[in-house]
Amino acid sequence: PEFRGTDASQWKLSTDVSEHAHYLVVDTNVALHQLTLLEHEAVNDVVLCSTVLQEVRKNNSAAYERLRALTNAPGRRFFVFSNEHHSKTYVGQCKLGESSNDRNDRAIRRVAQFYKEVVPQMRIILLSDDVQNRKRAVEDEQVEAMSCIQYVKSVRKDDAPGLLDVVAGVVSEGPERREHGETLDPALENERDMTLRERKKAKRTQIFADHLSESDAKVGLKSGHLLQGVVKTSRYNAYEGVALVERVGEILLPTRALMNRATDGDSVAIRLLPKAEWVAGSKAAGRIQTELEEDEAKDQSQEQASSAVDQSVAVEDKKPTGEVVRIIRRGWRQYCGSLEVRKGAKDGLTQLALFVPVERNLPKVRIATRQLATLLQQRIVVAIDSWDVWSSYPSGHYVKSIG
């Protein structure tokens, strides 16, 4: 059949139609943000439509290569379906008033509907962390749709208990996510992102400024009011860095507030501060130290040791200083490190923990895990998912243990 390929010897999707058998059709956000889940050996019979692969390739070449590796890996059942070239799944161009993202979501839902029609004996699940996309799948295409959290907790709860730890906790980062129509999944909020609950309990205020929208940032860059650069953080301090701007040079980002959730390797839009607010390297280090003492008292001694800088910089030697107003492209990857020791660590319950990267120019990462007591004894790998304006730390998820 065409939905599995023309050569029967090359069929990848399972023909098993037992009670628990199912095919997964994943959307673009899942393919981009939930790769660790998809790479887990327990996840198979996945349909990757060409629409998704094209979007992933455009947005993240590294993620695209990981997806292609899954489709070619022996023993993994990942099938690429050319939906844009199939008469029954091609949905045409954008409708009047429809964005390209909405059109692609519609194309992916049509693929799930098509599989339901041609394999009626198989359970078809659209995997999406977008609430509106799932709602339309159920109401318009009559297709079963689940978030990643829902899928792991219901369909896979018995045979893959470790899957929950590797689900990425994608959270909103302000107006730039809402601009693309991405709706935060309530299940993700409840299971993975604890910052809202903590904020209400501690009556905390917003720590970071919202980033500019994509459209506003583009206007600013085109007009010259904003500069584009790549962030390089201090060798020993995640909260001090510079932005390397072509034909301009280095722009200081001397405080956590001015870094505004940027991390090493990020491509960012920067607003240059007035000359009266420019600082020297030594003054910048002092301001960072004050912030760390106020907001991370329990880590005071460690952060003081790690934020040492060359004091030979003259106080009067002020340099261009700026602030990050938009993350254009994240430079995040997987990081090696260990978890901070904490009391009351148990396995079997979802608990929050702070991951400390080996690379000292990276911030600590908040993760949720059901195997905290076990992971405290191991060196682990963690991926960063997002960084909310209310949180001192980025949020991430456990990937694997390495010893």
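Structure's up top.
Residues numbered from 1 in each chain as written. Predicted model: local features only at pLDDT ≥ 70, side-chain atom pairs only at ≥ 80, totals over all residues. Heavy atoms only, no water.

With that settled, the discussion passes to the overall build of the protein. The helix and strand inventory of the protein stands at 15 helices and 15 strands. A buried classification covers 52% of the 403 residues belonging to the protein. Taking all contacts inside the protein whose residues are at least 6 apart in sequence as the whole, residues at least 24 apart take part in 67%. Of the roughly 19400 Å² of accessible surface on the protein, 49% is carried by carbon and sulfur atoms. (Helix = DSSP H or I, 4+ residues; strand = E, 2+ residues; numbered from the N terminus. Buried < 20%, exposed > 50% of the residue type's maximum accessible area, 1.4 Å probe, protein only. Contact = heavy atoms within 4.5 Å. Areas by Shrake-Rupley, 256 points an atom, 1.4 Å probe, with all protein chains shown as cover.)

All right, on to the packing of helix α3 (residues 50-59) against helix α4 (residues 61-72) then. Two numbers describe how α3 lies on α4: the axes approach to 6 Å, and their chain directions differ by 140°. Taken together, the axes of α3 and α4 are oblique relative to one another. Where α3 abuts α4, its residues Leu 53, Val 56, Arg 57 and Asn 59 lie against Ser 61, Ala 63, Tyr 64, Leu 67 and Arg 68. Among the residues forming the contact of α3 with α4, the class breakdown is 5 nonpolar, 2 polar and 2 charged. (Axes fitted to C-alpha atoms, helices over the stretch in contact; angles between N-to-C directions. Parallel < 35°, antiparallel > 145°, perpendicular 65-115°, else oblique. Nonpolar A, V, L, I, M, F, W, Y, C, P; charged D, E, K, R; others polar.)

What follows covers the side chain of Arg 156. When you line up the elements, Arg 156 lands in the loop between α7 (148-155) and α8 (175-179). Overall, Arg 156 belongs to the buried group, its relative accessible area being 7%. Of the polar contacts made by the side chain of Arg 156, one reaches the backbone oxygen of Ala 42; its length is 2.7 Å. Among all residues touching Arg 156, those that are not within four sequence positions of it are His 22, Ala 42, Val 43, Tyr 151 and Leu 163. (Polar contact = N/O pair within 3.5 Å; in protein donor to acceptor, adjacent residues only side chain to side chain.)

Contact geometry for helix α5 (residues 100-118) and helix α6 (residues 131-140): axes closest at 10 Å, N-to-C directions at 45°. The angle between α5 and α6 places the two elements in the oblique class. Seen from above, α5 lies across α6 with right-handed handedness. For the pair α5 and α6, the contacting residues are Asp 102, Asp 105 and Arg 109 in the first and Asn 133, Arg 136 and Ala 137 in the second. Here the contact of α5 with α6 is composed, by residue class, of 1 nonpolar, 1 polar and 4 charged. (Left-handed = near helix turned anticlockwise from the far one by under 90°.)

Before going further, it helps to spend a moment on the sheet that holds strand β9 (residues 267-272). Taken in spatial order, the 5 strands make up an open sheet running β8-β7-β6-β9-β10, and their pairing is antiparallel. Every other strand in the sheet has two partners, leaving β8 (249-253) and β10 (322-329) as the edge strands with one partner each. Strand-to-strand, the axes of this sheet are offset by a mean angle of 40°, without reference to chain direction. Summarising the sheet, strand β6 (residues 227-234) and β9 pair through 4 bridges and their orientation is antiparallel. Residue Leu 227 lies in a different strand from β9, and its bridge partner there is Ile 270. (Pairing = 2+ DSSP bridges.)

What follows covers the sheet that holds strand β1 (residues 22-26). On the basis of which strands lie adjacent, the open sheet formed by 5 strands has the order β3-β2-β1-β4-β5 and parallel pairing. Sheet topology places β3 (78-81) and β5 (144-146) at the edges, where each strand pairs with a single neighbour. Along the sheet, successive strands turn relative to each other by an average axial angle of 30°, direction set aside. Where strand β4 (residues 123-127) lies against β5, 3 bridges are found, and the strand directions are parallel. Along β5, the bridge assignment pairs Ile 125 with Glu 144. Packing against the sheet, α3 makes contact with β1, β2 (46-49) and β3, and its axis sits at approximately 65° to β2.

This part takes up the packing of aromatic side chains. For the structure shown, the criterion picks out 5 aromatic pairs. With 6.2 Å between their ring centres and 80° between their planes, Tyr 23 and Tyr 115 make a pair best called edge-to-face. Taken together, the positions of Tyr 23 in strand β1 and Tyr 115 in helix α5 put the pair 92 residues apart, joining distant regions of the chain. Residue classification places Tyr 23 among the buried positions, given a relative accessible area of 0%. When the centroid spacing of 5.6 Å and the interplanar angle of 10° are considered together, the rings of Phe 81 and Phe 114 count as stacked. One end of the pair, Phe 81, is in strand β3; the other, Phe 114, is in helix α5, with 33 residues separating them in the sequence. Judged by relative accessible area, Phe 114 falls into the buried class, the value being 4%. (Phe/Tyr/Trp six-rings, centres within 6.5 Å; stacked < 30°, edge-to-face > 60°.)

Attention now goes to the environment of Gln 351. Along the polypeptide, Gln 351 turns up in strand β12 (residues 347-357). For Gln 351, a relative accessible area of 13% gives the class buried. Expressed as a C-alpha distance, the spacing of Gln 351 and Thr 369, which sit 18 residues apart in the sequence, is 5.5 Å.

Among all positions in α3, only Ser 50, Thr 51, Val 52, Leu 53, Glu 55 and Val 56 are buried. Residues of α3 that are buried in the fold lie against β1, α1 (28-33), β2, α4, β3 and α5.

With that out of the way, let us pick up the side chain of Arg 76. Mapped onto the elements of the fold, Arg 76 is located in the loop between α4 and β3. Buried charge Arg 76 goes without a salt bridge, the closest partner of opposite sign being Glu 41 at 7.3 Å. Side-chain polar atoms of Arg 76 contact the backbone oxygen of Leu 38, separated by 3.1 Å. Among all residues touching Arg 76, those that are not within four sequence positions of it are Lys 12, Leu 38, Glu 39, His 40, Glu 41, Val 43, Asn 44 and Leu 70. (Lys, Arg positive; Asp, Glu negative; His and termini not counted. Salt bridge = Lys/Arg side-chain N within 4 Å of Asp/Glu carboxyl O.)

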